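Reading the structure
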Amino acid sequence: MPYKPPQRERPSIDPLVVKDALKLMPASSRRLFLRQTLTIGGLAMLTGCDLAHNKSITGALGKVSKFNDRVQAWLFDPNRLAPTYPASMITRPFPFNAFYGENMAPVVDGATYKLELGGMIADKRPWTLDALRALPQESQITRHICVEGWSAIGQWGGVRFGDFLRRVGADTTAKYVGFKCADDYYLSIDMATALHPQTILALTYGGETLPRKYGFPMKLRMPTKLGYKNPKHIMSLYVTNQYPGGYWEDLGYNWFGGS
Amino acid sequence: MTTAATADGRFTPDSRGTAPLIHPLWLRITHWLNALAVFIMIFSGWRIYNASPIFGFKFPDSLTLGGWLGGALQWHFAAMWLLVVNGLVYLAFGLITGRLRRQLLPLRFKQVLADFLAAMRGRLEHADLRRYNAVQKLSYLFVIADSILIVTSGLVVWKSVQFPLLNTLFGGYDTARKVHFFGMAGLAAFILVHLILVACVPRTLVTMIRGR
């Protein structure tokens, strides 16, 4: 049976979508979000009191964002490496960041965990953590740049993702790799970035098993993309040519999200 | 054709005696497109800044554009194209027609000082709007250089991995972010002074619309 990527409504910035997003936020960030949205511009954008006007503007901005995806794909050099840093420059403590609080991070049982594979992949047998740990491991100390503007340097280790994709017989001519996560986060990336030498299926942080707050059991670490493009708590991944979108991207963040 | 520039760059009124052209059409168009782009860039940029302030303050959200971080980013990364393309058109016209050199150079420190002191005493001449005084020349040169700084540091903030040379020149991502912020602050200060001076000499607003 062919694998079906998750279907989701195509959102513009729709008040209902925003409402859904608000429900997922902890109370503190919900208050912050509401407070920051209650501006003349924010109200006009969200209430839909001037729908035709706003729909044309958000539509045009969305088109430019798609254009910017193409520009970033063109700018992206598959051989250019992100800067690496000495261990002394690692940010301590490395910040926790998600659309929920740290105590809400999902709890995944590593003993029974299996990474599910789907879509245009020849060998879809699921992978246990031990099997992934038995593959050749790499380590990197790179800068994580958040879409909010802050940045932090951290150390991740794991399996080079391009090697993994080739090992399982993924069709690397496909356009997208999609991810589904234990925290209901979902997202997709371009194949060129998936095959970048610094893109790793991270199983460790700072040389230790990846802790829950940083995405146990695994996170896709891409120093060539912004933080929100680096999914944590990955449960399954699939290869597809149909645009799968993403959690923040469907709300308006740029899809390529390169850095 | 109502005016003609002579070889040394001076303008002469035509035989019908209409007011001389002060700002050619290309300059007026690029000026107002730039004003629109800068308006969007600054107010959406303040929203982006607020998501993770570099310094101990935030801009009032009511003064920002975009409604939330994602919206502000969309505005910012759309208006950047207008800012850059329009800025390149302006520079190309300015260089090819020789207007940049003619209007903004030479610039002498003594003259800047003299004109600044005259302006402070309210004695600066505005009889001929075709000729910029030395303070004007300096401030326009500053805003061109500042805009280039803002765009190049912005490129590093946008794609620090993909522009390694610029990234190094600006001292890395975090420093480029600060440069981008201070570039904005310099531009905002220019705009403030610019608007006050336009209010002092309202004829200049008319000439930037009608050209004469």
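Residues numbered from 1 in each chain as written. Chains lettered and ligands numbered in written order. Predicted model: local features only at pLDDT ≥ 70, side-chain atom pairs only at ≥ 80, totals over all residues.

Comments concerning the overall build of chain B
Secondary structure summary: chain B contains eight helices and two strands in total. The buried share among the 212 residues of chain B stands at 26%. In chain B, of all internal contacts separated by at least 6 residues, the share reaching a separation of at least 24 is 55%. (Helix = DSSP H or I, 4+ residues; strand = E, 2+ residues; numbered from the N terminus. Buried ≥ 20, exposed ≤ 12 C-beta atoms within 10 Å, placed from the backbone. Contact = placed C-beta atoms within 7 Å.)

Focus on the overall build of chain A
Looking only at helices and strands, chain A has seven helices and ten strands in total. For chain A, buried positions account for 39% of its 259 residues. Put simply, 71% of the contacts in chain A that link residues at least 6 apart link residues at least 24 apart.

Here's the deal with the packing of helix H5 (residues 134-158) of chain B against helix H7 (residues 173-200) of chain B
Residues and elements named next belong to chain B. Across the interface, H5 lies against H7 with an axial gap of 8 Å and an inter-helix angle of 150 degrees. If you check the angle between H5 and H7, you find them roughly antiparallel. For H5 against H7, the interelement crossing comes out left-handed. Residues Ser139, Phe142, Val143, Asp146, Ser147, Leu149, Ile150, Ser153, Gly154, Val156 and Val157 of H5 lie in contact with H7, whose contacting residues are Tyr173, Ala176, Arg177, Val179, His180, Gly183, Met184, Gly186, Leu187 and Phe190. By residue class, the composition of the contact of H5 with H7 is twelve nonpolar, seven polar and two charged. (Axes fitted to C-alpha atoms, helices over the stretch in contact; angles between N-to-C directions. Parallel < 35°, antiparallel > 145°, perpendicular 65-115°, else oblique. Left-handed = near helix turned anticlockwise from the far one by under 90°. Nonpolar A, V, L, I, M, F, W, Y, C, P; charged D, E, K, R; others polar.)

Regarding the sheet that holds strand E2 (residues 127-128) of chain A
Residues and elements named next belong to chain A. One open sheet accounts for five strands, arranged E2-E1-E10-E5-E6; its pairing is mixed. The sheet is open, and its two edges are formed by E2 and strand E6 (186-190), each paired on a single side. Relative to E6, strand E5 (residues 176-181) is paired through five bridges, and the arrangement is antiparallel. The residue of E6 that forms the bridge with phenylalanine 179 is leucine 187. (Pairing = 2+ DSSP bridges.)

Let's talk about the confidence of the model for chain A
Looking at chain A as a whole, its pLDDT mean stands at 87, while 80% of the residues score no less than 70. Across residues 4-16 of chain A, confidence stays below pLDDT 50; counting only partners more than four residues off in sequence or on other chains, it has 27 contacts. (pLDDT = per-residue confidence, 0-100.)

Let's talk about the environment of His31(B)
For His31(B), the location among the structural elements is in helix H1 (residues 25-51). Once the C-alpha coordinates of His31(B) and Gly154(B) are considered, the two residues, 123 residues apart in sequence, prove to be 21 Å apart.

A short note on the interface of chain A and chain B
Chain A puts 33 residues into the contact, and the matching count from chain B is 25 residues. If you list the elements that add at least two residues to the side of chain A that touches chain B, you get helix H2 (27-37), helix H3 (40-47), helix H4 (51-75) and strand E3 (138-145) of chain A. Of the residues belonging to the side of chain A that touches chain B, the class tally is 15 nonpolar, 14 polar and four charged.

What about the domain arrangement of chain B?
Reports often express the size of an interface as the amount of accessible area lost when the parts come together. Residue and element names in this part refer to chain B. By the assigned domains, chain B splits into domain 1 (22-55 + 62-105) and domain 2 (114-212). Computed over C-alpha atoms, the centres of domain 1 and domain 2 are 11 Å apart. Listing elements by their share of the side of domain 1 that touches domain 2, those giving two or more residues are H1, helix H2 (69-96) and helix H3 (99-104). Sort the elements by how many residues they give to the side of domain 1 that touches domain 2 and H1 lands first, with seven residues. The class makeup of the residues in the side of domain 1 that touches domain 2 is nine nonpolar, five polar and one charged. (Domains from an automatic or database assignment.)

Quick word on the confidence of the model for chain B
All names here are of chain B. Predicted confidence across chain B gives a mean pLDDT of 91, with 92% of residues reaching 70 or more. Note that pLDDT drops below 50 for residues 1-15; the model gives that stretch 20 contacts with residues more than four away or on any other chain. On the interface metric, ipTM, the complex scores 0.88, and its pTM is 0.85.

Brief notes about unusual backbone geometry
Here the amide bond leading from Phe216(A) into Pro217(A) is cis, since omega sits at 5 degrees, within 30 degrees of zero. Along the chain, Pro217(A) falls in the loop between strand E8 (208-209) and strand E9 (219-221). With an omega of -5 degrees, the peptide bond running from Leu105(B) to Pro106(B) counts as cis. Position of Pro106(B) relative to the elements: it lies in the loop between H3 and helix H4 (109-120).

Comments concerning the pairing of strand E4 (residues 151-160) of chain A
Residue and element names in this part refer to chain A. Most of E4 sits out of view: eight of its ten residues are buried. Where E3 lies against E4, eight bridges are found, and the strand directions are antiparallel. Looking at E4, one finds that isoleucine 141 is bridged to glutamine 155. Linking two consecutive strands that pair antiparallel, namely E3 and E4, is a turn of five residues; a positive phi of about 120 degrees is found at glycine 149 within it.

Some words on helix H8 (residues 203-210) of chain B
Where burial is concerned, little of H8(B) is hidden: zero out of the eight residues are buried. Positive phi appears at Gly211(B), one or two residues downstream of H8(B), with a value of about 95 degrees.

Structural notes on H4(B)
Compared with an ideal rise of 1.5 Å per residue, which puts twelve residues at 16 Å, H4(B) spans 16 Å between its outermost C-alpha atoms and is within 8% of the ideal. Following H4(B) by one or two positions, Gly122(B) has its phi on the positive side, about 70 degrees. (Expected span 1.5 Å × (residues − 1).)

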